[in-house]
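Topology and contacts: notes
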Amino acid sequence: MKKIFVPLFLVALVSAPLSAVTTLSTGHVDIFEVHYDATVNPIEFALHIHDHATESHFEPADVVIQVNENTLFAPPSGLVPILGAEAYILPASQEEGMLYGGVAAEGPLNVFQSNRFTIRMVSAGSENPGNFVLYRFSGGGSLQVGLQSVGGAASHETFTVPINGHEHWNWGFSAPGTYTFEFQALGTRTADLSMLETSTELFTFQVIPEPTSGALLLAGMVAVAVAHRGIRRLV
């Protein structure tokens, strides 16, 4: 696979963000942060986005999560049927020039079953350009899938996050373009087994395509430098 060096103005054209309050594309961001607080009235139970760089919390509908063009990796073999031989992946390790996507939860212990909240994919956009998988590897090296959508339909809908815990997963997309999902958080109270749900929140991911020589020619540019690059693999 060849890597094309792109003038800055062309990158700006290719990666122009959607009209949203905030676009997050690099740094440590908890894409899912569940927050429960019973000390306020009414009780707060919410799912939002936390940008660690600015210590800001956002309503998900006000944010575009940008998956930059430098995130093209070879997915694990078990996900090739869903993501393809190459996919745009935000890795579970912190890498330069791409977003480091986390999952976190805050709340009291011994109030909810198993001291965990559940993240649920309510829906996947019918016009999503490809498939999506949230995955990681266990300490023993086995593949774990948290969420998955195929063909615009949720096929793996839920995973759990420990209360007062913080985790990192790989966020894989099979094709560039704009993806939308609705997510919510849930918790089951230990005392009476009642279910508590957050509002359903809209999340938008913008996956920027890796530039191609054809795209440069259409833009009236001539490639001046070409470097050979092997496909990177996440381990």
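This text gives an overview of the structure that appears in the document. The structure presented is a predicted model; accordingly, all values stated were derived computationally and were not measured.

Quick look at the overall build of the protein chain now. A count of helical and extended segments in the protein chain gives three helices and 21 strands. When burial is assessed residue by residue, the protein chain has 44% of its 235 residues classed as buried. In the protein chain, once contacts between residues fewer than 6 apart in sequence are set aside, the share between residues at least 24 apart is 72%. When the accessible surface of the protein chain is totalled, it reaches about 11,100 Å², and 54% of it is carbon and sulfur.

Relative to strand S12 (residues 143–150), strand S11 (residues 132–137) runs antiparallel, the two sharing six bridges. Following the sheet pairing, Arg136 is matched in S12 by Gln144. The turn joining S11 and S12, which pair antiparallel and follow one another in sequence, is formed by five residues; a positive phi near 95 degrees is taken by Gly141. Pairing of S11 with strand S16 (residues 170–173), which is carried by four bridges, proceeds in the antiparallel orientation. Looking at the pairing, Leu134 lines up with Trp171 of S16.

Here we take up the pattern of salt bridges. Under the criterion given, the structure shown has one salt bridge. Taking the shortest distance from any N to any O, the salt bridge between Arg136 and Glu167 comes out at 3.3 Å. Of this pair, Arg136 sits in strand S11 while Glu167 sits in strand S15 (residues 166–168); the two residues are 31 residues apart in sequence, bridging distant segments of the chain. Assessed through its relative accessible area of 22%, Arg136 is described here as partly exposed.

Turning next to the packing of aromatic side chains. Under the counting rule described, the total for this entry stands at 22 aromatic pairs. Aromatic side chains Phe32 and Phe183 sit 4.8 Å apart centroid to centroid with 70 degrees between the ring planes, which places their arrangement in the edge-to-face category. Placement of Phe32 in strand S3 (residues 27–37) and of Phe183 in strand S17 (residues 177–188) is noted, with a sequence separation of 151 residues between them. By relative accessible area, which is 1% here, Phe183 ends up buried. With a centroid separation of 5.3 Å and 80 degrees between ring planes, the pair formed by Phe183 and Phe203 is classed as edge-to-face. Taken together, the residues span a long stretch of sequence, with Phe183 in strand S17 and Phe203 in strand S19 (residues 201–207) at a distance of 20 residues. A relative accessible area of 1% means that Phe203 is categorised as buried. Members of the aromatic cluster, connected to one another through ring pairs, are Phe32, Phe132, Phe159, Trp169, Trp171, Phe173, Tyr179, Phe181, Phe183, Phe203 and Phe205.

Calculation rules
Residues numbered from 1 in each chain as written. Predicted model: local features only at pLDDT ≥ 70, side-chain atom pairs only at ≥ 80, totals over all residues. Heavy atoms only, no water. Helix = DSSP H or I, 4+ residues; strand = E, 2+ residues; numbered from the N terminus. Buried < 20%, exposed > 50% of the residue type's maximum accessible area, 1.4 Å probe, protein only. Contact = heavy atoms within 4.5 Å. Areas by Shrake-Rupley, 256 points an atom, 1.4 Å probe, with all protein chains shown as cover. Pairing = 2+ DSSP bridges. Salt bridge = Lys/Arg side-chain N within 4 Å of Asp/Glu carboxyl O. Phe/Tyr/Trp six-rings, centres within 6.5 Å; stacked < 30°, edge-to-face > 60°.

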